[in-house]
Amino acid sequence: MLDFFTIFSKGGLVLWCFQGVRGPAVTAPVNALIRSVLLQERGGNNSFTHEALTLKYKLDNQFELVFVVGFQKILTLTYVDKLIDDVHKEFRDKYRNEFQQKGALGLLNGTFDFKDDFMRLLRDAEESSKVRAPTVMKTFEQSLKSQKTVKCMIETRGEKPKEKVKNKKNKGSKKDGTEAVAVPSKASAADKQLSAAGDKEELTKDEILQKNREEFFRRHMKAGEKSRSPKPDAQKEKGKKPRVWDLGNSNAKVLDYSNSATNGSAEACPVEEFDPDMALGDKNREPGRLYDLEYESDDEAEEEKVVQNPSKPSVKKGGLGGMFGMLKGLVGSKSLTRDDMDPVLEKMKDHLIAKNVAAEIAVQLCESVAKKLEGKVMGTFTTVTSTVKQALQEALVQILQPQRRVDVLRDVMDAQRHRRPYVVTFCGVNGVGKSTNLAKISFWLIENGFSVLIAACDTFRAGAVEQLRTHTRRLNALHPPESHGGRTMVQLYEKGYGKDAAGIAMEAISYARNQGFDVVLVDTAGRMQDNAPLMTALAKLIAVNAPDLVLFVGEALVGNEAVDQLVKFNKALADHSMAQTPRLIDGIVLTKFDTIDDKVGAAISMTYITSKPIVFVGTGQTYCDLRSLNAKAVVAALMKA
């Protein structure tokens, strides 16, 4: 049974509504559909779930209408798709003239009496679902097995059916050019087999078995003799010689560090030579500013080429040829159909997958664009390719600009007013750069005047604490206490290895509150999304300490794996959390962005699957190589041929 069926314009004007059961208002689920699907360009799937309801919708792009039906998600209503198609067609045909002649005024002033038509279509759809009779199983007489005789099913041991032998010959045959040469040999082989079969009929079963064994041993003895044939050219000297480089040193003592006196202790380590210019990178940058990603699109490059070569003569074609060439591929004031868009969308899908967009996401994006454009009337001088490309670009920009924008500096200042530290937890799989990008974010926060406490909660990976200790020492060298009124801007809180990460994080937050630190950055161990014990420990750390921001650190090199990682991380946090409203991922840090050139599809996959913003982008090896996401730059790189 349907809960509701509503028809409204894309401008938000409700034209007609039917409510089947008494219950909550239609407004909340429809508004959720508009916010989460229609405005976010996520129309690849025509189904949407809101609390206990399942909503299915259909877009009419010619008249800018939306048809939405809602029903309880525990029900399986097979006639809903047919009903929404029938209602769409009936409503369009009934009020077509009113829409075409009056336009927007027709929507405002029109009266749409559609209840009787809807009830008729609903009854027809329900009856059509009941008419389908269950499939009846075949009887034995109707099956192919009943036509076989008992004689054809009996096979004598040692004999092969002739049909199977022929099939094997056909499979082993080569191309047409060699078939003519092989015909005589095949015929002679067949004669031999027939004569052998005639001999076998005269022999007893024991003699046949003995003869087959002798032939088997004879064939294997011949194969062994062939394999033992000497091959002097193929023999090589055994053993592996070490490579000696031209500028290398063959003395192994130079590379022997086993007798080092330091043995890993921080006090005994010599002071390393540290170049601040190498750590900072760009000298002309503005301290504390988070720059946007930059990318030069093809259009800008083409404009520069035109400006540089103004004297290049243009090639003129004949009058008719130039005119027909210009008009080639144009759509003349007609509505777009799915057949028109399918070839273009197929190329767009392959292009997105080649740019590292997850295959599932690429299919949903193309499906969303198709639904958005289907039935839309095109201009006279507009090609299908340019229209689809423009719609896809708009959808991608909309996806990269999610609903909630994370402003870290504003949130830190708000936490300062409440006299508490702002806590950020970093999580992700192994080797994506959590500790390195944590150090970059620490440097950015220090340059904006905030003190940072780094909590070393990766108590599993060897060298994790030492890595953070090195970053802390370097950051203090770049921003010494003397430059900040004697205040230490960054400290490391660590308790060694093998300890409970959630307990260390809790102690670090308490220490930061007592010592007056502005921000606590919690580094966690890398873990695979399928490792249940480690995911439980991460959910415990987040549930116990309740951080202000949970950032998932993912690398830009992944494709389909990005979707799997984010979905399973969110699912694990929800499943292993004891809270009624579990804490999930709030934002994304995209690392190694400087290694992918224009294959930026991971950014699209991550934001599409989670609807969470990319807060930071790591683009290099220095502390200054931290950027904010520029949606237009990413889309320009993605659409580059």
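What counts and how
Residues numbered from 1 in each chain as written. Predicted model: local features only at pLDDT ≥ 70, side-chain atom pairs only at ≥ 80, totals over all residues. Heavy atoms only, no water. UniProt positions renumbered as here; feature names shortened; annotations may be inferred. Helix = DSSP H or I, 4+ residues; strand = E, 2+ residues; numbered from the N terminus. Buried < 20%, exposed > 50% of the residue type's maximum accessible area, 1.4 Å probe, protein only. Contact = heavy atoms within 4.5 Å. Axes fitted to C-alpha atoms, helices over the stretch in contact; angles between N-to-C directions. Parallel < 35°, antiparallel > 145°, perpendicular 65-115°, else oblique. Left-handed = near helix turned anticlockwise from the far one by under 90°. Nonpolar A, V, L, I, M, F, W, Y, C, P; charged D, E, K, R; others polar. Core = buried A, V, L, I, M, F, W, Y, C linked by side-chain atoms within 4.5 Å. Domains from an automatic or database assignment. Pairing = 2+ DSSP bridges. Phe/Tyr/Trp six-rings, centres within 6.5 Å; stacked < 30°, edge-to-face > 60°.

Per an unreviewed UniProt entry, the protein chain goes by SRP54-type proteins GTP-binding domain-containing protein and derives from Hirundo rustica rustica. If you open the UniProt record of the protein chain and go to Sequence similarities (unreviewed entry), you find "Belongs to the GTP-binding SRP family." Heading Subcellular location (unreviewed entry) of the UniProt record for the protein chain holds this comment: "Endoplasmic reticulum membrane".

Colleague: In this structure, what is going on with the overall build of the protein chain? I would like to understand it.
Modeller: The number of helices and strands found in the protein chain is 22 helices and 16 strands. When the 641 residues of the protein chain are sorted by exposure, 37% land in the buried category. Once local pairs closer than 6 in sequence are excluded, the contacts in the protein chain between residues at least 24 apart make up 74%.

Colleague: Help me understand the UniProt feature "domain: SRP54-type proteins GTP-binding" (unreviewed entry) in the protein chain in this model?
Modeller: UniProt feature "domain: SRP54-type proteins GTP-binding" (unreviewed entry): in the numbering of this structure it lies at residues 613-626. Taken end to end, residues 613-626 has its terminal C-alpha atoms 16 Å apart, with 0% of it in helix and 43% in strand.

Colleague: Is there a simple way to think about the packing of helix α18 (residues 501-515) against helix α19 (residues 532-545) in this case?
Modeller: For any two helices packed against each other, one specifies the inter-axial angle together with the distance between the axes. The geometry of α18 relative to α19 is characterised by a closest axis approach of 9 Å and an angle of 25° between their N-to-C directions. Relative to α19, α18 is oriented roughly parallel. The chirality of how α18 crosses α19 is right-handed. Along its contact with α18, which presents Ala-501, Ala-502, Ala-505, Met-506 and Ile-509, the element α19 presents Lys-540, Leu-541, Val-544 and Asn-545. When grouped by side-chain class, the residues that make up the contact of α18 with α19 number seven nonpolar, one polar and one charged.

Colleague: Help me out: how do you make sense of the nonpolar core in this one?
Modeller: Looking at soluble globular proteins, one finds that nonpolar side chains tend to be buried together. Among the nonpolar cores identified, the biggest contains 113 residues, and Leu-365, Val-388, Val-408, Leu-445, Phe-593 and Phe-616 are the most heavily contacted of them. When residues of this core are sorted by domain, at least three fall in each of domain 2 (336-400) and domain 3 (408-634). Each residue touching Val-408, except ones within four places of it in the same chain, is listed here: Tyr-422, Trp-444, Leu-445, Leu-549, Val-615 and Phe-616. If you look at the next biggest cluster of nonpolar residues, it comprises 26 residues, including Phe-5, Ile-7, Leu-121 and Leu-122.

Colleague: Explanation requested: the sheet that holds strand β5 (residues 65-72) in the structure shown.
Modeller: Through backbone hydrogen bonds, the strands of a sheet pair up, either in parallel or in antiparallel fashion. Taken together, the five strands give an open sheet; going across it, the order is β2-β1-β5-β4-β3, and neighbouring strands pair in antiparallel fashion. In this open sheet, the two strands that pair with only one neighbour each are β2 (14-19) and β3 (47-50). Taken over all neighbouring pairs, the strand axes of this sheet differ in orientation by 15° on average, direction set aside.

Colleague: Explain the environment of Ile-74 here, please?
Modeller: Locating Ile-74 in the fold gives a position in the loop between β5 and α2 (80-102). You can call Ile-74 exposed: its relative accessible area is 73%. Placed 20 residues apart in sequence, Ile-74 and Thr-54 show a C-alpha to C-alpha distance of 8.7 Å.

Colleague: How do you make sense of unusual backbone geometry when you look at a structure like this?
Modeller: Most of the time, phi is negative for any residue but glycine, and the peptide bond is trans. Although it is not a glycine, Arg-419 adopts a positive phi angle of roughly 55°. Considering the arrangement of structural elements, one finds Arg-419 in the loop between α15 (408-417) and β9 (422-427). Its identity is not glycine, yet Lys-592 carries a phi of approximately 60°, on the positive side. Along the chain, Lys-592 turns up in the loop between β14 (587-591) and α21 (601-610).

Colleague: In this structure, what is going on with the packing of helix α12 (residues 338-354) against helix α13 (residues 359-373)? I would like to understand it.
Modeller: Running from N to C, α12 and α13 cross one another at 150°; their axes reach a closest spacing of 9 Å. Relative to α13, the element α12 is oriented roughly antiparallel. Here the hand of the crossing between α12 and α13 comes out right-handed. Facing α12, whose interface residues are Arg-338, Met-341, Leu-345, Met-348, Lys-349, Leu-352 and Ile-353, α13 presents Ala-359, Ala-362, Val-363, Leu-365, Cys-366, Glu-367, Val-369, Ala-370 and Leu-373. Here the contact of α12 with α13 is composed, by residue class, of 13 nonpolar, no polar and three charged.

Colleague: How should the environment of Arg-338 be read in this particular structure?
Modeller: Tracing the chain through its elements places Arg-338 in helix α12. C-alpha of Arg-338 to C-alpha of Ala-370: the two residues are 32 residues apart in sequence and 7.0 Å apart in space. Residues contacting Arg-338, with those up to four places away along its chain left out, are Leu-345, Glu-367, Ala-370 and Glu-374.

Colleague: What exactly am I supposed to notice about the packing of aromatic side chains here?
Modeller: Given two aromatic rings, their pairing is described by the distance between the two centres and the angle made by the two planes. Counted under the stated rule, the structure contains 15 aromatic pairs. On the basis of an interplanar angle of 55° and a centroid distance of 5.2 Å, the ring pair of Trp-16 and Phe-118 is categorised as tilted. Of this pair, Trp-16 sits in strand β2 while Phe-118 sits in helix α4 (residues 115-131); the two residues are 102 residues apart in sequence, bridging distant segments of the chain. Like Phe-118, Trp-16 is buried. Between Phe-443 and Tyr-623, the ring centres sit 5.8 Å apart and the planes meet at 25°, which makes this aromatic pair stacked. Taken together, the residues Phe-443 in helix α16 (residues 434-447) and Tyr-623 in the loop between β15 (614-618) and β16 (626-628) connect sequence positions 180 residues apart. Members of the aromatic cluster, each reached through a chain of ring pairs, are Phe-5, Trp-16, Phe-18, Phe-67, Phe-91, Tyr-95, Phe-112, Phe-114 and Phe-118.

Colleague: Any chance you could explain the sheet that holds β15 here in plain terms?
Modeller: In space, the nine strands of this open sheet follow the order β6-β16-β15-β14-β13-β9-β12-β10-β11, with mixed pairing throughout. With partners counted over all chains shown, the strands left at the sheet margins are β6 (291-292) and β11 (490-493), one partner each. Relative to β11, strand β10 (residues 452-456) is paired through four bridges, and the arrangement is parallel. Bridge assignment links Leu-453 to a residue of β11, and that residue is Gln-491.

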